[in-house]
Every structure is written in structure tokens, then in C-alpha cells.
Amino acid sequence: MLWCNTCKTSFSERKGTLLFGSKLPEEKVKIVLNNFAEGNGIRKTSRLTNVSLSAVQRLSNQCSNVCENIHNEKVQHIKVKEAQFDEAWNFVGKKTKIAPLKMS
């Protein structure tokens, strides 16, 4: 906790960060988030890091909110000149090969 000499109130050093409200040490939070970055799910991350499922879920939600806010702040006024839908077309093409469309 820190103390403000101007307004005479105390506040957490972590306020406004991903770590606010968390009792986990910063290193443990980094390990949990690295597991997410590797593509592990919430339950697997909980088992691997020995952190409770609810704490992992809370960190996941907080992280996604922080990332969304950063994305919305940084990515603005994008003018798209060309878009490619190769993967979507590939998926549709494979589906029609397996079950061809019937013309009526």
C-alpha cells in the first residue's frame, strides 16, 4: 500500500494493472500467462502451475480485458484495400468434396 501526501489516502501499488486484487506473486502470474500463450486451457494451466482454477479464470478474464483495451486503443482507422479468405474457402471446398451439393 502506498500513501498519497496530497489527498491523504492509501492505495495499492498494483491498482490499474493486471495484478490488482491478486494475491499471487508477480512471477506466478507470469507463469500462468505464459501457459496461456502456449495454448494451454484453464484447467491444464491450473494443474501445471498449482494455482486454483478460480484464480486462473480470473487472470484469464482480466488479461483478455486488458488486451482488448490495448487493441482498441492502438488499432484505429484501418483502411482495408484487399482481404483474403483462403482458409475459409479451403474449408468450404473440402466440405463440398465430401458432401457435394445437390441441385434441385
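Whatever comes next refers back to the structure up there.
On a predicted model such as this, the values are computed, not experimentally measured, just so you know.

As for the pattern of salt bridges
Turning to step 1, where the next piece is worked out: Applying the stated criterion across every chain, the model contains two salt bridges.
Turning to step 2, where the next piece is worked out: The salt bridge involving Glu27 is made with Lys30; its shortest N-O contact spans 3.7 Å. Residue Glu27 and its partner Lys30 are both found in helix 1 (residues 26-37); the two are separated by three residues, about one turn of the helix.
Turning to step 3, where the next piece is worked out: Given a relative accessible area of 40%, Lys30 falls into the partly exposed group.
Turning to step 4, where the next piece is worked out: Overlapping salt bridges bring together Glu26, Glu27 and Lys30 as one network.

Description of the side chain of Asn35
Turning to step 1, where the next piece is worked out: Position of Asn35 among the secondary structure elements: in helix 1.
Turning to step 2, where the next piece is worked out: Residue Asn35 is classed as buried on the basis of its relative accessible area, which comes to 12%.
Turning to step 3, where the next piece is worked out: Non-local contacts of Asn35, meaning those with residues more than four positions away in its chain, are made with Asn40, Thr45, Leu48 and Thr49.

Concerning the packing of helix 1 against helix 2 (residues 42-49)
Angle between the axes and distance between the axes are the two parameters that describe a pair of packed helices.
Turning to step 1, where the next piece is worked out: Contact pair helix 1 / helix 2: the axes reach a minimum separation of 10 Å and the direction vectors enclose 140°. By the angle between their axes, helix 1 is oblique relative to helix 2. For the pair helix 1 and helix 2, the crossing hand works out as right-handed. Between helix 1 and helix 2, the contacting residues are Lys28, Ile31, Val32, Asn35 and Phe36 on the first element and Ile42, Thr45, Leu48 and Thr49 on the second.
Turning to step 2, where the next piece is worked out: Classifying every residue of the contact of helix 1 with helix 2 gives five nonpolar, three polar and one charged.

Side note on the nonpolar core
Turning to step 1, where the next piece is worked out: In terms of nonpolar packing, the biggest core is built from eight residues, these being Leu19, Leu24, Val29, Val32, Val51, Ala55, Val56 and Leu59.
Turning to step 2, where the next piece is worked out: At the level of elements, helix 1 and helix 3 (53-74) are the ones that each hand at least two residues to this core.
Turning to step 3, where the next piece is worked out: Examining the composition of this core, we find that three residues originate from one element, helix 3, more than from any other.

Some details on the environment of Ser22
Turning to step 1, where the next piece is worked out: Among the structural elements, Ser22 can be located in the loop between strand 2 (10-11) and helix 1.
Turning to step 2, where the next piece is worked out: Judged by relative accessible area, which is 9%, Ser22 ranks as buried.
Turning to step 3, where the next piece is worked out: In this structure the C-alpha to C-alpha distance between Ser22 and Arg58, which are 36 residues apart in sequence, comes to 9.1 Å.

Criteria and cut-off values
- Residues numbered from 1 in each chain as written.
- Predicted model: local features only at pLDDT ≥ 70, side-chain atom pairs only at ≥ 80, totals over all residues.
- Heavy atoms only, no water.
- Salt bridge = Lys/Arg side-chain N within 4 Å of Asp/Glu carboxyl O.
- Helix = DSSP H or I, 4+ residues; strand = E, 2+ residues; numbered from the N terminus.
- Buried < 20%, exposed > 50% of the residue type's maximum accessible area, 1.4 Å probe, protein only.
- Contact = heavy atoms within 4.5 Å.
- Axes fitted to C-alpha atoms, helices over the stretch in contact; angles between N-to-C directions.
- Parallel < 35°, antiparallel > 145°, perpendicular 65-115°, else oblique.
- Left-handed = near helix turned anticlockwise from the far one by under 90°.
- Nonpolar A, V, L, I, M, F, W, Y, C, P; charged D, E, K, R; others polar.
- Core = buried A, V, L, I, M, F, W, Y, C linked by side-chain atoms within 4.5 Å.

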